[in-house]
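# An overview of the molecular structure
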Amino acid sequence: MADTKREIERKYESDDSGLPDLTGVAGVAAVIDKGVAQLDATYYDTADERLAASSVTLRRRTGGSDAGWHLKFPVAPGVRDEIQAPLSDTLPRTLAGLVRSRVRDAELVPVVRLRSDRDVRDLVDADGRLLAEVSVDAVRAARLSGDGGSAQWTEIEVELADGTDPAFLDKVEKRLKKAGVRPSSSASKLQRALAETAPKKKRGKKARADRAQAPVTVSAGDHVLAYLRAQRDAVVELDPAVRRDVFDSVHSMRVATRRMRSAFRSYGKLLDRAVTDPVGEELKWLAGELGVDRDQEVLTERLTAALDELPRTLLSGPVRTRLRTWAHARSGGSRRRLIGVLDGKRYLQLLDTLDALLTDPPLLRAAGGKPEKVIGKAVRKDFSAVSALVEQALVLEPGHERDLALHEARKKAKRTRYSAESAVPALGDPAAGLVRAMKSLQNLLGDHQDSVMTREALRELARQAHGAGEPSFTYGLLYGREERRAAEDEAGLPELWAKIRDGAAFWAYGGPSRPR
């Protein structure tokens with residue numbers, strides 16, 4: 001079993017003077033001495049330190065009140081999510097799964113041992129409520145691999161208590177700075193330990209490499225690859241959140257896969273599609289696995305909300321029970337099944353393939369062109385495609401054919417939105433404006449498609465109800481409301497499209513090579 005907590009803390013450099021007097025901090029009624037604890041932590045990583053490169057820490061610690069396995073993921077500066085598991089000799093499977101997207105098939109080995117004498121103080125208010133825990137840590141670090149370097153230092157750590165306003169940390173920091181204490185230059189003990197215990201030759205090479213790097217994006221290919229890397233990173237970083245069932249994580253991971261696949265298609269003149277198309281198919285597979293239950297959940301939520309809006313007098317028969325039964329029967333996946341996918345060879349191979357593609361990208365000649373010209377042309381092509389589909393749908397009569405045309409236009413609007421997103425760093429405001437326009441179009445067409453799917457579901461529910469001898473009145477009523485909603489979407493489309501078309505003249509009719 002693993003527990004999760006949000007850790008909000010700040011670290012400061014410390015000398016032999018120890019902890020300054022904190023009784024003057026606003027809101028602090030008392031500073032309570034909690035004594036000294038001896039902590040012994042072994043940190044694990046791959047030989048090439050993949051976890052540390054992602055600011056993820058995995059340790060096994062004894063001593064103190066929370067002995068056990070601790071896995072920490074960065075959330076924001078000074079904020080991390082910590083997942084704790086009971087102390088054991090081997091890494092718990094739950095935690096191993098949470099680092100698998102980064103570790104893959106590599107072995108986790110002990111890299112650093114930190115032993116700390118932690119002198120703890122509790123800051124409490126007038127009611128005795130804990131506001132923060134402040135500790136002075138005398139740290140001794142030893143590298144467990146390579147040349148086995150060592151280091152030692154003292155630092156002050158201030159960790160916010162649950163339920164305390166984060167602004168309280170500013171008050172503590174103000175008092176510490178007044179006493180001459182300054183923020184630490186390292187975000188974590190592990191980061192400092194790795195830096196200070198690294199072999200001197202390795203440290204020198206890293207410093208020279210940092211000076212030599214010039215991360216200047218100059219070509220169209222550079223922009224597209226930067227976008228693809230961001231989506232690859234999103235998949236890797238969202239993996240633990242999906243495993244923990246964090247809200248919206250499955251949807252966000254699915255979107256990242258779609259963005260990559262869309263970029264492969266939109267920028268087929270820059271990246272060899274003979275290489276990217278097979279990768280795109282694997283991304284489509286992953287998106288499908290992530291969406292096994294998602295589309296059904298959206299449909300069920302829409303039907304449930306529609307029932308909630310009806311007066312009780314219009315609820316004829318066991319409609320809510322029928323809806324629950326129907327939704328359960330159509331549910332195609334489970335948490336266990338999804339975790340199985342994320343632990344499977346096919347998914348891990350996909351991650352390796354994406355890494356290899358981005359390390360040695362299959363760039364074509366056009367990738368070396370100017371971003372504003374090459375990327376602008378690709379986005380304009382996508383916009384022309386969605387424009388043709390919308391215009392085609394607008395001349396069709398309401399009905400099945402128009403529904404299909406609007407659905408195709410929705411998919412193309414999504415792709416155009418993604419290509420415009422990727423173009424923002426290169427093209428600026430015109431691309432950002434197109435993103436907003438495509439989002440508006442996608443929302444309207446998405447609502448229309450949801451209505452189409454909801455009406456299909458209502459027909460199925462009505463047939464089931466009729467077969468069971470239940471009234472079908474409520475399903476017919478909801479069907480009529482969905483029909484009206486779809487008609488309103490279709491009626492609003494010409495005005496929205498005219499506004500988009502006029503505002504996106506640059507994309508519709510061309511323009512200067514560099515948008516102004």
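The shown structure was predicted, so the numbers you read here are calculated from the model rather than taken from an experiment.

The next subject is the packing of helix α15 (residues 400-427) against helix α16 (residues 429-467). Viewed as axis vectors pointing N to C, α15 and α16 meet at an angle of 155 degrees, and their least axial separation amounts to 8 Å. In this view, α15 runs roughly antiparallel relative to α16, as classed from their interaxial angle. Regarding α15 and α16, the two cross each other, and that crossing is left-handed. Here the residues of the contact of α15 with α16 are counted per class, giving 16 nonpolar, 6 polar and 7 charged.

Strands in a sheet are paired, the pairing made by backbone hydrogen bonds, and the direction either parallel or antiparallel. Sheet architecture is closed into a barrel: 8 strands sit in the order β1-β5-β4-β3-β2-β6-β7-β8, paired in antiparallel fashion. The sheet shows a mean angle of 35 degrees between the axes of neighbouring strands, taken without regard to direction. Pairing geometry for strand β7 (residues 130-143) and strand β8 (residues 150-160), over 11 bridges, is antiparallel. Bridged to D137 within β8 is E155. On the sheet, helix α4 (residues 168-178) packs against β1 (3-13), β6 (109-124), β7 and β8 and is oriented at approximately 20 degrees with respect to β1. Helix-sheet contacts for helix α5 (residues 189-197) involve β1, β2 (30-45), β3 (57-62), β6, β7 and β8, and the interaxial angle to β8 is about 165 degrees.

In this structure, β6 lies alongside β7, joined through 13 bridges in antiparallel fashion. For V124, the partnering residue across the bridge sits in β7 and is L130. Between β7 and the antiparallel strand that follows it, β8, lie 6 residues; G146 among them carries a positive phi value of about 70 degrees.

Turning to the pattern of salt bridges, a few remarks are in order. Taken as a whole and judged by the stated rule, the model has 55 salt bridges. The structure contains a network of salt bridges with shared partners spanning E7, E9, K11, K72, R80, E82, R118, D137, E155, E157 and K189.

Evaluated as defined, the whole model comprises 2 aromatic pairs. Between Y44 and W69, the aromatic rings sit 5.4 Å apart at their centres with planes inclined by 45 degrees, giving tilted as the arrangement. Here Y44, found in strand β2, pairs with W69, found in strand β4 (residues 68-76); they are 25 residues apart in sequence, far enough to count as distant. Here the two residues Y44 and W69 agree in accessibility, since each one is buried.

Before going further, it helps to examine unusual backbone geometry. Even without being glycine, R104 reaches a positive phi, approximately 60 degrees. Structurally, the position occupied by R104 is in the loop between α3 (100-103) and β6. Judged by its relative accessible area of 13%, R104 falls in the buried class. One non-glycine residue, D248, lies in positive phi territory at about 70 degrees. Take D248: it is sitting in the loop between α7 (220-243) and α8 (249-266). According to the relative accessible area criterion, D248 is partly exposed, its value standing at 35%.

So, about the confidence of the model for the protein chain. Mean pLDDT over the protein chain works out to 92, with 94% of the residues at or above the 70 mark. Segment residues 511-516 is flagged for pLDDT under 50; beyond a separation of four residues in sequence, or across chains, it makes 10 contacts in the model.

Here we come to the environment of R459. With respect to the helices and strands, the residue R459 is situated in helix α16. The exposure class assigned to R459 is partly exposed, which follows from its relative accessible area of 38%. Spatially, the C-alpha atoms of R459 and M438 are 31 Å apart, while their sequence positions differ by 21 residues.

Looking now at the environment of L445. Following the sequence through the fold, L445 ends up in helix α16. With relative accessibility at 2%, the residue L445 sits in the buried group. Each C-alpha atom, one on L445 and one on D119, is 60 Å from the other, the two residues being 326 residues apart in sequence. Residues in contact with L445, not counting those within four places in the same chain, are L406, A409, R410 and L493.

With respect to the helices, strands and loops of the structure, K11 is situated in strand β1. Judged by its relative accessible area of 10%, K11 is buried. A polar atom in the side chain of K11 sits 3.4 Å from the side chain of E9. Among the polar contacts made by the side chain of K11, one reaches the side chain of E155 at a distance of 3.5 Å. When residues no more than four places from it in sequence are discounted, the contact partners of K11 are E155, I156, E157, P183, S184, S186, A187, S188 and K189.

Among the structural elements, E490 can be located in helix α17 (residues 473-503). For E490, the side chain forms a polar contact with the side chain of R402, separated by 2.7 Å. At 2.8 Å, the side chain of E490 and the side chain of H448 are in polar contact. Not counting residues within four places of it along the chain, the set of residues in contact with E490 comprises P398, R402, D403, L406 and H448.

Here is what the cut-offs are and how they apply
Residues numbered from 1 in each chain as written. Predicted model: local features only at pLDDT ≥ 70, side-chain atom pairs only at ≥ 80, totals over all residues. Heavy atoms only, no water. Axes fitted to C-alpha atoms, helices over the stretch in contact; angles between N-to-C directions. Helix = DSSP H or I, 4+ residues; strand = E, 2+ residues; numbered from the N terminus. Parallel < 35°, antiparallel > 145°, perpendicular 65-115°, else oblique. Left-handed = near helix turned anticlockwise from the far one by under 90°. Nonpolar A, V, L, I, M, F, W, Y, C, P; charged D, E, K, R; others polar. Pairing = 2+ DSSP bridges. Contact = heavy atoms within 4.5 Å. Salt bridge = Lys/Arg side-chain N within 4 Å of Asp/Glu carboxyl O. Phe/Tyr/Trp six-rings, centres within 6.5 Å; stacked < 30°, edge-to-face > 60°. Buried < 20%, exposed > 50% of the residue type's maximum accessible area, 1.4 Å probe, protein only. pLDDT = per-residue confidence, 0-100. Polar contact = N/O pair within 3.5 Å; in protein donor to acceptor, adjacent residues only side chain to side chain.

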